[in-house]
Amino acid sequence: MAGARFVFLLLLLGGLPAPASALAVEEVAPGIFVHTGRHEEFTPENRGDLANLVLITGSEAALVVDAGGSRLLGEDWLETVRELTDLPVRYLVLTHHHPDHILGASVFAQAGAILVGHERLSRAIRERGPLYLDNMRRLMGEAAAGTTLAFPTLPVAIGKPLRLDLGGREVELRAFPTAHTDTDLIVFDPMTATLVAGDLLFMERIPVIDGRLLGWIRVLEALESIPARRVVPGHGPASAPFPEAFDAERRYFLWLRDSVRDLIAADVPLSKAVKALPLPPQMHWLLAAPNHGRNVIAAYTELEWE
Amino acid sequence: MRPSVLFLLCTAFAASPAFADEDNWSIVREALFEGREIRDGSSFLQLEAPVRALDAAVVPVRIAVDPEHAPRIRTLWLVIDENPAPVAGVFHFFPKSGAPLLETRVRVNAYTDIRAIVEDEKGTLYMASRFVKAAGGCSAPALKDKEVAMARLGKMKFKLTTPFSVGKPAVAKLKIAHPNYTGLQIDQYTRQWIPPDYVTKVEVTFESEPVLEVEGDISLSEDPTFLFGFVPDRPGELRVRVVDSSERVFERSWTLGPAS
């Protein structure tokens, strides 16, 4: 089955007119397909195609991880999924509440998928959803057309992993305390030892702290015990070796934590903190401006409580 | 005038066609100062704010007064023209304050002028302003972790950032745990406004004498934090009393003296 898909994609590359819907995917492990998003901000041209999207197929059902940043993109992603598998999409798992991961979700809900997310995800979408929609309309214009919010109905509680059986393939979902956001969720496939990390892992593109830096550092420690061999980041390549893939992010976080602690101890006020802490040249991250500065502010206001 | 009342006024005026040509500053100015002259204070009044805010919900603003050239300041208004609640805070200073210094963090909702207006003992008003580029600071909840925020509600952290010395100006830092919920979001499930919940008053006293009073509103960032000055005349107790819009009251005190 995978072979036929690969040939199909080869033909696309060879110049045959591609069906308008197909998003490029890579099969990173048997039955695990990844579409990589772009390292950009939202534009009308990219339709919110910023995050990695994943399809996992069993023998009876398919599970999709994340839905893209607009309805239009969600439609294309569903079409792509339908080209890759005839199996019903039983589950759409949302790794967290950020718009580039959730705004295509209504497409999958309407197609009959059960939306699964962190126990706090519903509330997060309720509270931030209107702002995201406003921002998307402003940033994407017509490309945001038809985008609406969809809410998860199957929650995963912190400390209580959920197993979903796709027919001969059982995947495990785990919800975490606040790290990247307060709604972070991962999917682990024991069959191929593949960890779908969502935005707990950023590669190439700078991580964004919209949760707790110390919490994220703790969660990275917890992830180390997962018996994975490869990991799919929320932003970055389709797959990378586990656990090395986390090294650059961990290094950045530890440096940020220690440096901001030093600033606070030296009574450097917030008004001066960002200028005082430029990104070290040996740390290469895309989109570092303005996100690194934002991370400094987030770390500073968090660590002030210590 | 209570800042929150001013907020309602502003939304009312914004909707009324009769005031459609008035900019927000004119409306706020009239409501706060009723036609009084406001002089240029830039020779002694230093207002620092980033030209482009990295995080619209946490914009550091610093106001300092050059003691050599400044009259004695009693009151400071911090105004953010384009915010739904444009009077971000009103700060009252006292003899124990020393030369007024204030650093805090505000929410900025749109590209806007931020203004510091001070009033001296004679009742003369002076102003300095800066233009800040930011967007969305008021309508987005800055709650990165709501569970932690609500569990921590009312906790405070206090630190002297300069050594304690009788008669010498000290700089203090006060951080108050509070979500400062703006009340400008709608819960998408219930279609109800999520109620505001924010710090309305902070009273700082040292040995029972006032050092700083703050009238706050939704434009102050989550976890209101203030850097301020005071001149201790002896070792003693610094006390902070915080009131919020839900009428909760929090009090804490710290003993200050030379480090031993």
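Structure first, text after, so check above.
Residues numbered from 1 in each chain as written. Chains lettered and ligands numbered in written order. Predicted model: local features only at pLDDT ≥ 70, side-chain atom pairs only at ≥ 80, totals over all residues.

**Q** Would you mind showing me how to read the overall build of chain B here?
**A** Across its full length, chain B carries 3 helices and 17 strands. Relative to its 260 residues, chain B shows a buried fraction of 42%. Expressed as a percentage of contacts within chain B between residues at least 6 apart in sequence, the contacts between residues at least 24 apart total 69%. (Helix = DSSP H or I, 4+ residues; strand = E, 2+ residues; numbered from the N terminus. Buried ≥ 20, exposed ≤ 12 C-beta atoms within 10 Å, placed from the backbone. Contact = placed C-beta atoms within 7 Å.)

**Q** So what exactly am I meant to see when it comes to the sheet that holds strand E9 (residues 156-160) of chain B here?
**A** Sheets are built from strands paired through backbone hydrogen bonds, the pairs being either parallel or antiparallel. Residues and elements named next belong to chain B. If you walk across this open sheet you meet the 6 strands as E2-E3-E6-E15-E10-E9, and the pairing is antiparallel. Either end of the sheet is taken by a strand with one partner, and the two such strands are strand E2 (45-48) and E9. The sheet shows a mean angle of 15° between the axes of neighbouring strands, taken without regard to direction. (Pairing = 2+ DSSP bridges. Axes fitted to C-alpha atoms, helices over the stretch in contact; angles between N-to-C directions.)

**Q** Could you clarify how one ought to interpret unusual backbone geometry in this entry?
**A** With the exception of glycine, most residues fall at negative phi, and the peptide bonds are largely trans. Cis geometry marks the peptide bond from Phe242 of chain A to Pro243 of chain A; its omega dihedral reads 5°. Mapped onto the fold, Pro243 of chain A is located in the loop between strand E13 (240-241) and helix H7 (247-265). Following Ala289 of chain A, the chain continues to Pro290 of chain A via a peptide bond in cis, the omega torsion being 0°. Tracing the backbone through its elements, the reader meets Pro290 of chain A in helix H9 (residues 288-303). We note that Asp267 of chain A has phi near 60°; this positive angle belongs to a residue other than glycine. Counting through the fold element by element, Asp267 of chain A comes out in the loop between H7 and helix H8 (270-276). Although it is not a glycine, Glu207 of chain B sits at a positive phi angle of roughly 50°.

**Q** How should I be thinking about the interface of chain A and chain B in this particular structure?
**A** Accessible area lost during the coming together of the parts is what is often quoted as the interface size. Opposite the 25 residues of chain A that make contact, chain B presents 27 residues. Elements with a minimum of two residues in the side of chain A that touches chain B: helix H5 (121-140), H8 and H9 of chain A. A class-by-class count of the residues in the side of chain A that touches chain B yields 10 nonpolar, 6 polar and 9 charged. (Nonpolar A, V, L, I, M, F, W, Y, C, P; charged D, E, K, R; others polar.)

**Q** Help me understand the environment of His92 of chain B, please; the structure alone is not making it clear to me.
**A** With respect to the helices, strands and loops of the structure, His92 of chain B is situated in strand E5 (residues 87-93). With residues near it in sequence (within four places) discarded, His92 of chain B still touches Arg74, Thr75 and Glu213 of chain B.

**Q** Any chance you could explain the nonpolar core here in plain terms?
**A** What tends to happen in soluble globular proteins is that the nonpolar side chains get buried as a cluster. By size, the foremost hydrophobic cluster in this structure holds 149 residues, and its most contacted members are Val54, Val64, Leu92 and Val93 of chain A together with Val59 of chain B. Setting aside its immediate chain neighbours within four residues, Val54 of chain A contacts Ile32, Phe33, Val34, Val65, Asp66, Val196 and Val232 of chain A. (Core = buried A, V, L, I, M, F, W, Y, C linked by C-beta atoms within 7 Å.)

**Q** Is there a simple way to explain the sheet that holds strand E9 (residues 170-175) of chain A in this structure?
**A** Residue and element names in this part refer to chain A. Spatially, 6 strands are ordered E8-E9-E10-E11-E12-E13 in an open sheet, and the strand pairing comes out mixed. Edge positions in the sheet fall to strand E8 (162-165) and E13, since each of these pairs with one other strand and no more. Here E9 runs beside strand E10 (residues 185-189); their pairing, made up of 4 bridges, is antiparallel. The partner of Arg174 across the bridge, within E10, is Ile186.

**Q** Would you mind going over H9 of chain A with me for this structure?
**A** For an α-helix the count is 3.6 residues per turn, leaving residues at separations of three or four pointing the same way. Between its terminal C-alpha atoms H9 of chain A stretches 21 Å, which fits the 22 Å expected from 16 residues at 1.5 Å a residue. Contact partners of the buried residues in H9 of chain A: helix H6 (213-223), H7 and H8 of chain A. (Expected span 1.5 Å × (residues − 1).)

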